[in-house]
Amino acid sequence: MMDRMSFFSFLFLCLTSVANGNKANKHKPWIETEYQGIVMENDNTVLLNPPLFALDKDAPLHYAGEICGFRVHNGPSGSGSVQFEAVVLDRSTGEGLVRSKEPLDCESQREHSFTIQAYDCGEGPDGANSKKSHKATVHVRVNDVNEFSPVFVERRYEASVPEGRLFDRIVRVEALDADCSPQYSQICFYDIITPNVPFAIDNDGNIKNTEPLDSKNQRSHTFWVTAFDCGKNRAQADAQVVVTVKPSCKPGWIGWSKRVEYTPGSGSIPLFPSLHLETCEETVWNIQATVDLQTGHIGKGCDRDSYSDRSVRRLCGAVRGEVDLLPPPSPAANWTAALPTLPSSDSSLVFSFNGSTHVAVVPNSVAAAISGDHFTLQLWMRRGGATTQPPANQARGPRREEETIICSTVKNDDSFSHYYLSVHGCRLSLFYWPDVSAARPVKFLWKLEQVCDSEWHHLSLSVQFPSVTLYVDGVTFDPALIHDNGAIPNPAPRQRMVIGACWEPEDKQKGPLNNTIPEGKHTGKYVAGYRGLLSGVTVRPGSVEPHSVVECLYACREGLDFGDLETLGSGMKVHVNPSQSVLVLEGDDIESFNRAVQQVTYRNSLRFATPGVRPLKLTTSLRCFNEESCLQLRQLEGYLVVLQPDAPQISLSGVGPHLARPAPEFEGPRGVPLFPELRIVCSLSHAVNTAAQGMEGGALMSDAVAHTLDGCEVQPLGEELNPEREELLVDMDALRERGLEIINTTAYIAITGAESISVYEDVLRSVRYRLAKGSARFERRFRLSCSEMNGRYTSNELTLEVNFLHSLDSLYHPSHLLASQQQFLHPSHHSGELSGHTLPNPHRNSVVPGAATVIIMVCVGFLVVMVILGVFRIRSIHRRGEGTRGSAKEGSGQWDDSALTIIVNPMETYESRMGISGDTEGEGEEDEEVVESPDDASDDQRVIIIKKEGREGNPRRY
């Protein structure tokens, strides 16, 4: 029994030991730490290196030594686990396989990274107590498949080459492949598929010619090329290549137009719209072009406003009060009478100075009005005279002497100040003594090209000591201030002013000195004379002009400009001189330079630009890397033609050819207005293209525009006005209020000043004609005309005939009859004829000779007989047609006096007292009608009216 019990205990112990050995899972699976994998785009199996095997030391135990699976986790970048999975191929050996869940695209993502982990089967079928291996990193690279064909970047390539030369590269074509791998994405070679063309292409796509090309044989060549990738896939579409053969290249400007036309009012126009520079592939690193517009012959240096200086100052808002130092010669301004003058295109007076004898001494009465240390000196200047040209190399020539423009000593409150303005070569200097008895001079110096270029320039010097500002043609220039402590003698404290030179210092003069200089006489010796032309020399004491006013007054209205600075390429520079006559372009890129040249414009802001030719020059300089073979371009010359502007038509209307009023109205204190309903209209007539509208021929269209007049003139025709008997009245207060000026003489009245048309209408409507008592005549004629732009454009001449209506009672007085007889017998001393009538002289009391008296009596008797016969004949006719005649009289009750002339017949008094009235019929005249007054009217209300309808329009004399 004891033996049996021991056997069963041993058997149970063995079975328990076996059971405990199967349940033990002591070790974790083991795999490699890193795997490299490759997968093809058209496959999903990943080939790993090393292969995927998981090992477990618990083998060969069932479950614990077996690998049940692999788990895939996200990689470092957070992706990869979604697209891949790992499966177990053999549980006992631990072999596994990695594959993609979906197709992979190398072009979208070429590489993938993720982690993988193996786990065993645990301790039983249920996988309980299974163990996991460490995580291993898997790098998978997607291998490319040649699925894309090459594609050309451009479907068409164009190039142009000069003829007769071989080129290493004419044009380069380029194709791209969308495959991701270098093997299939690279273009291995190109090929020209068009046969028999003189071109070749290399593997980089560079096309060259295999023989010189001739533009005469074939102007352009067209052929096709294709491309192959390294997988021998051909391009989807071939590319076309067009090579244009140019004739032999000649370096220079291409597209130069010698003549450029400008229509006034066009604003800015490009001067070189199609100009470009051809360098024939010469390497250039700097290009400079200078455009020179010559306008020195147009007015004073360029096109400016054509109004007079006073009118321009008014239009620009300049302060009044300037003193003219070089006025036109007249009895009141005789100090310029000895100076020679030259004609000017803008009607201004130009004085010439020769540097020695031509000097203008301004009288003390004029110089006394200019005092203080605040003043503005303005002048037009041209060095060298009318025909002098600038020297070729003035800097290297002999040293020129100083020339004085103006030299002045003026008296202030209790001291004298002195200044003189002079030029020396290309330098302008102003010496100024605030006090000649105490202070030392201060010198202001400017170095200007405008001083020595022998062209017209305007100088405006504003002195607010110690500040001095210089404007040259409206542009500001700052001076160099020099305190001169040299041995310069102080001027004598004596008031005097000289134009064109300066007086010699007193310490060098011989003889006693006078404290006064006789006005109008050149006493003493003058030095540093000026050689050149001067015009418009004025000084205005007080505050200086603002810069905007100076620029408006004297800036050029024409010049060169650049179209759009924003389109200027990089590296380009533009410079324009102050007068806008020279424009300089500089750059380093030919294409940018060509675009910049085409932006150079000419502008003229004047509505009525001065027509004529402006010479134009283009100078070009190139700088090359190889200076020896650098291109030399010739200077191009052309001209700009400013066409004739459409002339404005200034029309005066609203005033009839006749103005008839009773004589007492003219003898009133205010007289009679001559142009009460005057209308002034200014219009522009321009051609209209009627052919485009289906009409034949051409037509003119007139557009009313707002203009500015600068002068109107009222002139009596025939004799001049007799101040003792007649005068023209103008509202002087209205003229002063509007800033207009008037010249009132017996020959004419001239109203000047730039103003609008409406202002001139109001002023001219207020012009009145007044006669002295008993000075009325039969008629008087006046002529009215207006102009603008300093007389450049004139209106039509409006002629007005003034008729005076006389009463018969006043004419019956014997004194009137005697005056008529004296007028008939003795011509007036006035030689001029006034509208066909001779002005009678009532003061003539000469005795009539006897023979003349007999002739007069015979003529008067014959005239009385003829009148009586005529009256009887008319009365007989009047009785037969009394009804018709009565209606005619009623119809003619209202008559128009605009076309009537009043002529008084002294014999009518005699006929009236005889009781005779009727129509008088003259010889050969059927257009005269005598209008009777009503029977109940008094004699002093009856007048004789004769209507003129003849061709000559001359009144019939009695």
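Note that the coordinates shown come from a computational prediction; the quantities given were computed from them, not determined experimentally. (Residues numbered from 1 in each chain as written. Predicted model: local features only at pLDDT ≥ 70, side-chain atom pairs only at ≥ 80, totals over all residues. Heavy atoms only, no water.)

### Side note on the overall build of the protein
We count it as follows: The secondary structure listing takes helices from DSSP runs of H or I that are at least 4 residues long and strands from runs of E that are at least 2 residues long, numbered from the N terminus. With a 1.4 Å probe rolled over the protein chains alone, any residue whose accessible area is under 20% of its type maximum counts as buried; one over 50% counts as exposed, and the rest are partly exposed. The Shrake-Rupley method, run with a 1.4 Å probe sphere, supplies the accessible areas, and residue values consider only the shown protein chains as cover.
When its secondary structure is counted, the protein shows 14 helices and 59 strands. Counting all 958 residues of the protein, 41% fall into the buried class. Just so you have it, the protein exposes about 51500 Å², and 51% of that area is on carbon and sulfur atoms.

### Regarding the pattern of salt bridges
The condition that has to hold: A pairing counts as a salt bridge when a side-chain nitrogen of Lys or Arg comes within 4 Å of a carboxyl oxygen of Asp or Glu.
Applying the stated criterion across every chain yields a total of 15 salt bridges. The salt bridge involving R91 is made with E66; its shortest N-O contact spans 3.8 Å. One end of the pair, R91, is in the loop between β4 (84-90) and β5 (95-100); the other, E66, is in the loop between β2 (45-49) and β3 (67-74), with 25 residues separating them in the sequence. Here E66 falls in the buried class, since its relative accessible area comes to 15%.

### Description of the confidence of the model for the protein
Using the following cut-off: pLDDT expresses how confident the predictor is about each individual residue, on a scale running from 0 to 100. The criterion used for residue contact is that any of the two residues' heavy atoms lie within 4.5 Å.
Confidence in the prediction for the protein averages 76 pLDDT; 75% of positions are at 70 or higher. At the level of individual helices and strands, the protein shows its lowest average pLDDT in strand β59 (residues 945-947), which scores 35, and its highest in strand β13 (residues 199-201), which scores 95. Confidence over residues 510-523 falls short of pLDDT 50; this stretch has 16 contacts with residues more than four positions distant or in other chains.

### So, the state of the cysteines
Here is the rule: Note on disulfides: each one is a pair of cysteine sulfur atoms within 2.5 Å.
Under the counting rule described, the total for this entry stands at 6 disulfides. Disulfide partner of C407: C502, at an S-S distance of 2.0 Å. Here C407, found in strand β27 (residues 403-411), pairs with C502, found in strand β36 (residues 502-503); they are 95 residues apart in sequence, far enough to count as distant. Note on C502: relative accessible area 11%, which makes it buried.

### Some details on the sheet that holds strand β19 (residues 268-270)
Within a sheet, adjacent strands bond to each other through the backbone by hydrogen bonds, running parallel or antiparallel. As a reminder of what qualifies: Here, strands pair whenever DSSP counts at least two bridges between them. Note on definitions: angles span 0 to 180 degrees between N-to-C directions of axes, and those axes are lines fitted to C-alpha atoms, for helices only across the stretch in contact.
Spatial strand order, β19-β42-β39: 3 strands in an open sheet with antiparallel pairing. The open sheet has two free edges, formed respectively by β19 and β39 (558-562), since each of these has just one partner strand. Within the sheet, the average angular offset between the axes of one strand and its neighbour, ignoring direction, is 30 degrees. Relative to strand β42 (residues 600-604), β19 runs antiparallel, the two sharing 3 bridges. Looking across to β42, one finds that P270 is bridged to T601.

### Topic: the packing of aromatic side chains
Definition in use: Any pair of Phe, Tyr and Trp rings, taking the six-membered ring for Trp, is counted once the centres come within 6.5 Å. Such a pair is stacked with planes under 30 degrees apart, edge-to-face with planes over 60 apart, and tilted for the rest. Sitting over a ring, as applied to charges here, requires NZ of Lys or CZ of Arg to be within 6 Å of the ring centre and within 35 degrees of the ring normal.
According to the stated counting rule, one finds 17 aromatic pairs in the structure shown. Ring geometry for F84 and F114: centres 4.9 Å apart, planes at 25 degrees, overall stacked. With F84 in strand β4 and F114 in strand β6 (residues 111-120), the pair connects residues that are 30 residues apart, well separated along the chain. Look at F84 and you get buried, because its relative accessible area is 1%. Residue classification places F114 among the buried positions, given a relative accessible area of 0%. Look at W256 and F272: their rings are 5.5 Å apart centre to centre, the planes differ by 25 degrees, and that puts the pair in the stacked class. Of this pair, W256 sits in the loop between β17 (252-254) and β18 (259-262) while F272 sits in the loop between β19 and β20 (276-278), and the two are 16 residues apart along the sequence. The class for F272 is buried, based on a relative accessible area of 4%. Members of the aromatic cluster, joined through ring pairs, are F666, Y769, F782 and F804. Against the face of Y119 rests R71, its NZ or CZ located 4.1 Å from the ring centre.

### A closer look at the pairing of strand β26 (residues 374-383)
Among the 10 residues in β26, 9 count as buried, and that is most of the element. Summarising the sheet, β26 and strand β31 (residues 457-464) pair through 8 bridges and their orientation is antiparallel. Bridge pairing in β31 places L379 opposite L459. Judged from the 8 bridges that link them, β26 and strand β38 (residues 531-541) form a sheet pairing that is antiparallel. Bridged to M381 within β38 is L534.

### Some thoughts on the sheet that holds strand β14 (residues 206-209)
Sheet architecture is open: 3 strands sit in the order β10-β14-β13, paired in antiparallel fashion. Both edges of this open sheet fall to β10 (171-172) and β13, since each of them pairs with a single strand only. As paired elements, β13 and β14 share 3 bridges and run antiparallel to each other. Across the sheet, residue A200 finds its bridge partner in β14, namely K208.

### Considerations on the pairing of strand β53 (residues 749-756)
Counting buried residues along β53, 6 of its 8 residues qualify, which places the element largely inside the surrounding structure. Relative to β53, strand β50 (residues 708-716) is paired through 6 bridges, and the arrangement is antiparallel. When the sheet's bridge partners are listed, G711 is paired in β53 with T752. As paired strands, strand β52 (residues 741-744) and β53 are joined by 4 bridges and run antiparallel to one another. The partner of I742 across the bridge, within β53, is I751. Count of turn residues in the β52/β53 antiparallel hairpin: 4 residues.

### Overview of the side chain of S100
Quick note on the threshold: Polar contact is the term for a pair of N or O atoms within 3.5 Å; when the atoms are in protein, one must be able to donate a hydrogen and the other to accept it, and sequence-neighboring residues count only if both atoms are side-chain atoms.
Here S100 is to be found in strand β5. Here E102 takes part through its backbone oxygen, which lies 3.3 Å from a polar atom of the side chain of S100. Once residues within four sequence positions are removed from consideration, S100 is found in contact with D43, N44, Q83 and F84.

### Some thoughts on the environment of A200
Structurally, A200 is set in strand β13. Note: C-alpha distance between A200 and R169 (31 residues apart in sequence) is 9.7 Å. The contacts of A200, once residues within four sequence positions are left out, are I192, N206, I207, K208 and T210.

### With respect to helix α5 (residues 547-554)
Stated precisely, the cut-off is as follows: This arc corresponds to the set of directions leading from the helix axis out to the C-beta atoms.
Listing the buried residues of α5 in full gives V549, V550, L553 and Y554. Across the axial projection of α5, the buried residues extend over an arc of 100 degrees, all falling on one side.

### As for the environment of S257
Its place among the elements puts S257 in the loop between β17 and β18. For the pair S257 and L275, spaced 18 residues apart in sequence, the C-alpha to C-alpha distance is 8.3 Å. Here the side chain of S257 touches R259 through a polar contact of 3.0 Å, landing on its backbone oxygen.

### Digging into a nonpolar patch on the surface
Let me state the cut-off plainly: Like charges within 9 Å and nonpolar side chains (Val, Leu, Ile, Met, Phe, Trp, Tyr) within 5 Å are joined into patches, using only residues over 30% in relative accessible area that form no salt bridge.
On the surface, a nonpolar cluster with roughly 420 Å² of combined accessible area is contributed by F862, V865, M866 and L869. Structurally, M866 can be placed in helix α12 (residues 850-880).

### Concerning the nonpolar core
Put simply, the test is: To define a nonpolar core, start from buried Ala, Val, Leu, Ile, Met, Phe, Trp, Tyr and Cys residues and group those joined through side-chain atoms within 4.5 Å.
In this structure, L325, W446 and L534 are the most contacted members of the largest nonpolar core, which totals 43 residues. Per-element tally for this core: the top contributor is β26, with 4 residues. Among residues more than four places away in sequence, those in contact with L325 are W335, T336, V362, I370, I406, M497, I499, V537, T538 and V539. By size, the runner-up hydrophobic cluster in this structure holds 37 residues, among which are L659, V672, Y760 and V802.

### Remarks on the environment of L583
Here L583 is to be found in strand β41 (residues 582-587). Sequence separation between L583 and D292 is 291 residues, and the spatial gap between their C-alpha atoms is 6.7 Å. When sequence neighbours within four positions are dropped, the list of residues in contact with L583 reads A289, T290, V291, L560, D561, F562, V574, H575, V576 and V600.

### Let's talk about helix α6 (residues 590-597)
Residue pairs three or four apart in sequence face the same way in an α-helix, which turns once every 3.6 residues. Counting buried residues along α6, 6 of its 8 residues qualify, which places the element largely inside the surrounding structure. For α6, the complete set of buried residues consists of I590, S592, F593, N594, A596 and V597. Looking at the buried side of α6, the elements it contacts are β17, β20, β21 (284-293), β39, β41 and β42. Here α6 starts with a cap whose side-chain oxygen sits 3.4 Å from the backbone nitrogen of E591, and that cap is D589.

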